Each structure stands twice: as structure tokens, then as C-alpha cells.
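Residue strings, one per chain:
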Amino acid sequence: MCGIMGYIGDRQALPMLLDGLRRLEYRGYDSAGVAVVRNGRIDLRKASGKLSRLEQVVKVAPVAGSVGLGHTRWATHGDPTDRNAHPHADCTGRVVVIHNGIIENYLALKEELLAAGHRFQSDTDTEVLAHLIEAEYRGDLEGAVRRAVSRAHGAYAIAVLCADEPDKIVAVRYISPLIVGLGSGEMWMASDIPALLPYTRHVIVIEDGEMAVITRDSVRLSSVDGRPVERPIMHVTWDAEAAEKGGYAHFMLKEIHEQPRALQETMMGRLDEGRVVLDGIRFPPGFVETLDKIWVVACGTAYHAGLVGRWFLEHLARIPTEPDLASELRYRDALLAGNALAMAISQSGETVDTLTAMRDLKKRGARVLAITNVLGSTVTREADDVLYIRAGPEIAVASTKAYLTMLAAEVMLAVDMGMRRGTLDQARARGLVAGLHALPGRAQEVLNREPEVVDLARRYASASDVFFIGRGLDYSVAMEGSLKLKEISYVHSEALAAGELKHGTLALIESGVPVFALVTQRHVKEKMLSNIQEVKARGGLVIALAYEDDEETARQAHHVLPIPRVDDLLAPILAIIPLQLFAYHVARERGHDIDQPRNLAKSVTVE
Ligand code: AGP
């Protein structure tokens, strides 16, 4: 999730580009760059690291001109280095592109362009677009861009400058956001509203599959295949802070609602017909086939994702998998035998307990696979393989979209391993891949029922103890639901295996105590219905989380939070969403600082 910005007018572009990029830094900040066209040439300035490094670069070597593009990067392909920073140019340096999104088929396009003699400067998917436009350019930038993007598959918001046509910016949107800001004799474009607010509040939201040709005095919209398009001009009333949150009250709520797109981006380019293709992983030949054990090390929410991952890996790939809290494993003197894989899961890639446990396992002979959200983070530099979740920057301390995309990554890994080991048949693999494809839409359906969760949160916001029970995968999800509630609403909460109720915790269930019962796993449903009866008999108030067509469970519970029916194995990816929303709205009812809860940090880099 990168930030893109452009300006065309009569003022100097650079100050506005830098200001706009700073307002977009929350979208990603591992490198940045600008390009300005003047006197028939394009000047480029780029720098890895924070935006302040780019500001240093342009202080030493300023660029003048009144038409330019800027980009702040959250890397997905190619490490965060100077040469991988955007904008990217073609062979001649007369066409430059900035891009937010993923070009799924960039490797095939890159091979074709290399074979045609194009010379690449970076490892990015984006640079392919610059060379495609160059190859298609016949004196008409607009036409060249149309032909180029028609060959690119994936998600993109791009903006293009051409030294031979200096009085226009050509921008195209497909899935990644793109907005045009309207001025008098000057125009802007950006990936998000915050970048435009100091200059204009009149904006046009470009929709999927549309192109904008932007000059100082006009914005001409069309579909990528050339049909004219009309879009309304909107007047933005948000202030800057509200705009960074996309109009949501908190980053956490914004990130909960970003989950369908985060899932889409995490799976993009990795799901082929009935099989999984995981970039960034290069297990040695025969390694997966002869794996004896997978150790999962992580903390907090990432650990809960590992608990769910164990089910995927043992069920689909038949590999003994042992999740362990990183802070515990490092003192266990773990007995590593045979061919072992250490799977370190960390959104930040910087959690010291996870890094320490990972290093210990590596020292004992395990090969390390990192699952993380941050390119260039410490865990990526020490792992043998990296599987990136592409959730985009997660600002709220309470992790939501990173958890969901960790689960999707683990399903894909388990399907890939199961196919390699012959423990997963083609039909089942196709079914799971189809199920994964449908998940972003299913997740949106769950989000659309947020008002039902708000009602429940208002009803139970004053509870002093809340319990979450489940069996199998539902128990693992219950643990994450409980942590979400604790860490932002400060309500005491506990998750337990439903079968354990009668071994002690049932003593705490009394009249009015809310108990979430997760009932998505078919093979233990009857047992869960008995647990619901156990809780109700003691006066507990049961909130069931069940499939929307499961009338039996709905009848037996006091309340139900329904999710669309999916493959039971994929149910955790939907079941957690109502629990995230419940935690959020209880915290909101209780008036807490949701994005920065007390005593907690986003990344625990100290012991
Ligand atoms: C999750 O909501 C918490 N913020 C916390 O448990 C977090 O998951 C944990 O600290 C691990 O962080 P990491 O994924 O960056 O390693």
C-alpha cells in the first residue's frame, strides 16, 4: 500500500509533492522519490528510508518544474533500496511511472521486455510498466498507456509522465485507490485525500478500469478501452486527521474494514487454477517432502495465527506442527530432531522474543520461514525464506488485518506443502483455492452486518468478565477474540477450550455473564450445543458465532453473530471479524484510546 501524488500547474511542483508524500507516509514509508518534467527532460530523485532522506537529497540537488510525480513506498516486490524506489523510468528516461498495487504477471512481461532489449534498473514489478509504455509509445502517451495496462494483471493505481508530452499526467486505476484534486489552472492526483487537503477540497474519485488525462485546465475521464466517462465532483469536509483514517473514527476500524482488500492483495498472484504459487520461498528440492516437524514461534496475535496455522498444516500437509509462545520456547531447550522448519510469524518482523526464539531454532538446525508484513524487517534478513502478507501498514496497536492475512498465507502454504507431499488431492486443493478466491467478498458480507455487532457491544459494554469458548479451530479463534477485547476495552476476558468448562471455569459462569460460543466446526457442533446448554443452565448469556444458515445454534443461543457458510477450514478467516468489531465497539462505548491502548506498543522490540 504505497502513497502516490502528482501536480500539474504553474507553481513549483516539488514542495507540494513532498508535503503530499508526508501526508501519505502512513500508507508506507520504506523509500520515496519524485520526478519533475521541465525543458524537455525529466529529473528523478529517490531515496530509501524515511521521507526525510529524500528531503535531504532534494535539498542538495533540487528539481525545478511545475509538473511532477511523487511516491512513498511500502515495498511488495524488491527490497526497500534507492534503486527500487519509485518513480521508475523506461530505457530512455523520457517516461516515468509511479504505482500503488501489484502487477501479478510482471515476471512474464519482464522476460518479454528483456528479450526485446529493454534494460532494467530495479527488481520491482512497477518498472515493467515504464518499459511497456515505452514499447507501445508512438507519439501518443494516452494510447501507449492504454495498450500497456491492458497487458498488466493485478491491482494498480498508476500515474505517468512523458518528457515528450510535458503538459499532461496520465493516470489509471484498477483496484488501488486514485483521486484527482481540482484547482483553477492547476490539478493534483493522489492515492488518498489527505495529500490534497491543503490545496483543494474538490475531488473526483476515479473508479476501477478508468483513465484520467490531467492537464492544468482539464480532467478527461474514460474507460481504459476508450469510452468517455463522467464522474461527479465531490466536496471533502474531512479534516486531515479524519482523512488519514479514511473517514473512520480510528485506524483500527479502518484496518478492520480494509480486510477484504488486504486479503485480495495477499492472495494476488499466488492462486493459480487449483494450485498455489508462493513467491519468496525456495525450499531445497525434497525439503518439504521429507519434513518431520514445523515449529511455530510467535507472540500475541501472531501466535494465535500460528495456532490456526497448525490445523491447516497438520490437516492438509500432514506435518506435525508445534506452535509455541516465543517467550516460552527460548527457555525450553527444545529437542529438534530430523528435518525441521521454524516458522516465525511477526507482523512487524521486529518482536524481540520471536527473533530470539527463531535464532535459537536456527542454531539447532532448523530452516527458517518468516511470515511477516514488513519488507526489510529484521526477521526477513535472518530467515531462509519469507512469505509476505501484504496487509499494508497496520497503524493500530491491536492487530486485525495482519492476523487475517497471516491466516490466508498459512492456508496457501499448507495447500502448497500438501500438494508437494501428496497428502492433498487435486479436487480438495481446487476447492480450497476457490474458497480463498471467494473470501474477500465473504469478509465484506460479514462487515456489512456491523450494526448487529454494535447493538451487542452497547448491550454488554459494562460487563466485567467475558468468556470465549470453542473447539478445534474455533478455540484458536476464541483466543484471538479474547485478546482483542482485553487489549483495547480493558475488560477481563478469557478464552477456553469448550471441553474444559466442566474442569473448572464453569464455576465462574453465573447469571448475566456473556459467553461467546464459536460454532463453525461441523464435527464438534453437537458438543458445542451441549456446552451452550451448560452455560445457559448457569445463567450465562450465550452469543453464538455460527453460520448464517445454522438455525439450530441460533435457536439455542441468546444472540447470534452470523457468518456466510464456507469450508470449515476457512471459517476462522471470517469468524474473527465480528469479534474484532465487538472489541472495537465495546472499547468505543467505554471511551478508550483505541488506536493506542494503555501500556501497549505496536511492536515489542524490548524484552
Ligand atoms: C496484537 O493485537 C498485539 N498488538 C500483540 O499481541 C502483537 O500481535 C504481538 O506483539 C506480536 O507482534 P508482531 O506480530 O509484530 O510480532
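To start, this report covers the structure provided alongside it.

## Section: the overall build of the chain
Point 1. A count of helices and strands for the chain gives 19 helices and 26 strands.
Point 2. Here the chain has a C-alpha radius of gyration of 25 Å; the compact-globule value for 607 residues is 25 Å, and the two agree.
Point 3. Residues classed as buried in the chain amount to 62% of the 607 residues present.
Point 4. Restricting to contacts in the chain with at least 6 residues of sequence separation, those with at least 24 account for 72%.
Point 5. Entry remark: accessible area of the chain is about 22,200 Å², with carbon and sulfur atoms responsible for 49%.

## Quick notes on helix α9 (residues 300-316)
Point 1. Its 17 residues give α9 an end-to-end C-alpha distance of 25 Å, which sits within 8% of 24 Å, the value for a rise of 1.5 Å per residue.
Point 2. With twelve of its 17 residues buried, α9 lies for the most part within the structure.
Point 3. Of all the residues in α9, the buried ones are T301, A302, Y303, H304, A305, G306, L307, V308, G309, F312, L313 and L316.
Point 4. R318 sits one or two positions beyond α9 and adopts a positive phi of about 55°.

## Re the site of the ligand
Point 1. Surveying the vicinity of the ligand reveals 14 residues, the closest of which are S346, S348, T351, V397 and E487.
Point 2. S399 has a polar backbone atom sitting 2.8 Å from an oxygen atom of the ligand.
Point 3. E487 is positioned such that a nitrogen or oxygen atom in its side chain is 2.4 Å from an oxygen atom of the ligand.
Point 4. Protein chains shield 92% of the accessible area of the ligand, which is 410 Å² for the free molecule.
Point 5. Secondary-structure elements contributing two or more residues to the shell around the ligand are α9 and α16 (473-489).
Point 6. Taken together, the residues of the shell around the ligand sort by class into five nonpolar, seven polar and two charged.

## Thoughts on the packing of helix α13 (residues 401-421) against helix α14 (residues 426-447)
Point 1. At a minimum axis separation of 11 Å, α13 and α14 run at an interaxial angle of 165°. By the angle between their axes, α13 is roughly antiparallel relative to α14. The crossing of α13 and α14 is left-handed. Between α13, through V411, M412, V415 and M419, and α14, the contact on the second element is made entirely by Q426, A429, L432 and L436.

## Description of the packing of aromatic side chains
Point 1. For the structure on display, the rule yields six aromatic pairs.
Point 2. A ring pair is formed by Y7 and W188, whose centres lie 5.6 Å apart and whose planes are at 50°; its orientation type is tilted. In this pair, Y7 sits in strand β1 (residues 3-8) while W188 sits in strand β10 (residues 187-190), placing the two residues 181 residues apart along the sequence. No difference in accessibility class separates Y7 from W188, as the two residues are buried.
Point 3. For the pair Y156 and Y174, a centre-to-centre distance of 5.9 Å together with 45° between the ring planes defines the contact as tilted. One end of the pair, Y156, is in strand β7 (residues 154-162); the other, Y174, is in strand β8 (residues 169-174), and 18 residues separate them in sequence.

## Quick word on α16
Point 1. The terminal C-alpha atoms of α16 lie 25 Å apart, and with 17 residues this matches the ideal 24 Å at 1.5 Å per residue to within 8%.
Point 2. For α16, the tally of buried residues reaches 13 of 17 residues, placing the bulk of the element in the interior.
Point 3. Looking one or two residues beyond α16, the residue adopting positive phi is Y490, at roughly 65°.

## Some details on the sheet that holds strand β6 (residues 95-103)
Backbone hydrogen bonds are what pair the strands of a sheet, in a parallel or an antiparallel way.
Point 1. Reading across from one edge, β5-β6-β7-β8-β12-β13 is the order of the six strands in this open sheet, with antiparallel pairing throughout. Each edge of the sheet is formed by a strand with only one pairing partner; in this case those strands are β5 (88-89) and β13 (219-223).
Point 2. Bridge count for β7 against β8 is five bridges, and the pairing is antiparallel. Paired with A159 across the two strands is A171, which belongs to β8.
Point 3. In this fold helix α5 (residues 141-149) packs onto β7, β8, β12 (210-214) and β13, with an angle of close to 160° to the strand it touches most, β7.

## Side note on the pairing of strand β22 (residues 465-470)
Point 1. Within β22, five of the six residues are buried, which leaves the element mostly enclosed by the surrounding structure.
Point 2. After leaving β22, the chain enters α16 and then returns to the sheet as strand β23 (residues 492-497), a path that is right-handed.
Point 3. Alignment of β22 against strand β24 (residues 514-519), held across three bridges, turns out to be parallel. Bridge pairing in β24 places F468 opposite F516.

## Structural notes on the sheet that holds β22
Point 1. Spatially, five strands are ordered β23-β22-β24-β25-β26 in an open sheet, and the strand pairing comes out parallel. In the strand order of this sheet, the two ends are held by β23 and β26 (559-563), each with one partner. Geometrically, the sheet is characterised by an average inter-axis angle of 20° between neighbouring strands, direction not taken into account.

## Some points on the nonpolar core
Point 1. In this structure, F283, I294, M343, L413, M417, F516 and F582 are the most contacted members of the largest nonpolar core, which totals 97 residues.
Point 2. For L413, the residues in contact, after removing those within four places along its chain, are L278, I281, F283, L313, M343, L369 and L387.

Conventions used here
- Residues numbered from 1 in each chain as written.
- Predicted model: local features only at pLDDT ≥ 70, side-chain atom pairs only at ≥ 80, totals over all residues.
- Heavy atoms only, no water.
- Helix = DSSP H or I, 4+ residues; strand = E, 2+ residues; numbered from the N terminus.
- Rg over C-alpha atoms; globule rule 2.2 N^0.38 Å.
- Buried < 20%, exposed > 50% of the residue type's maximum accessible area, 1.4 Å probe, protein only.
- Contact = heavy atoms within 4.5 Å.
- Areas by Shrake-Rupley, 256 points an atom, 1.4 Å probe, with all protein chains shown as cover.
- Expected span 1.5 Å × (residues − 1).
- Near = heavy atom within 4 Å.
- Polar contact = N/O pair within 3.5 Å; in protein donor to acceptor, adjacent residues only side chain to side chain.
- Nonpolar A, V, L, I, M, F, W, Y, C, P; charged D, E, K, R; others polar.
- Axes fitted to C-alpha atoms, helices over the stretch in contact; angles between N-to-C directions.
- Parallel < 35°, antiparallel > 145°, perpendicular 65-115°, else oblique.
- Left-handed = near helix turned anticlockwise from the far one by under 90°.
- Phe/Tyr/Trp six-rings, centres within 6.5 Å; stacked < 30°, edge-to-face > 60°.
- Pairing = 2+ DSSP bridges.
- Right-handed = clockwise from strand over helix to strand, strands pointing away.
- Core = buried A, V, L, I, M, F, W, Y, C linked by side-chain atoms within 4.5 Å.

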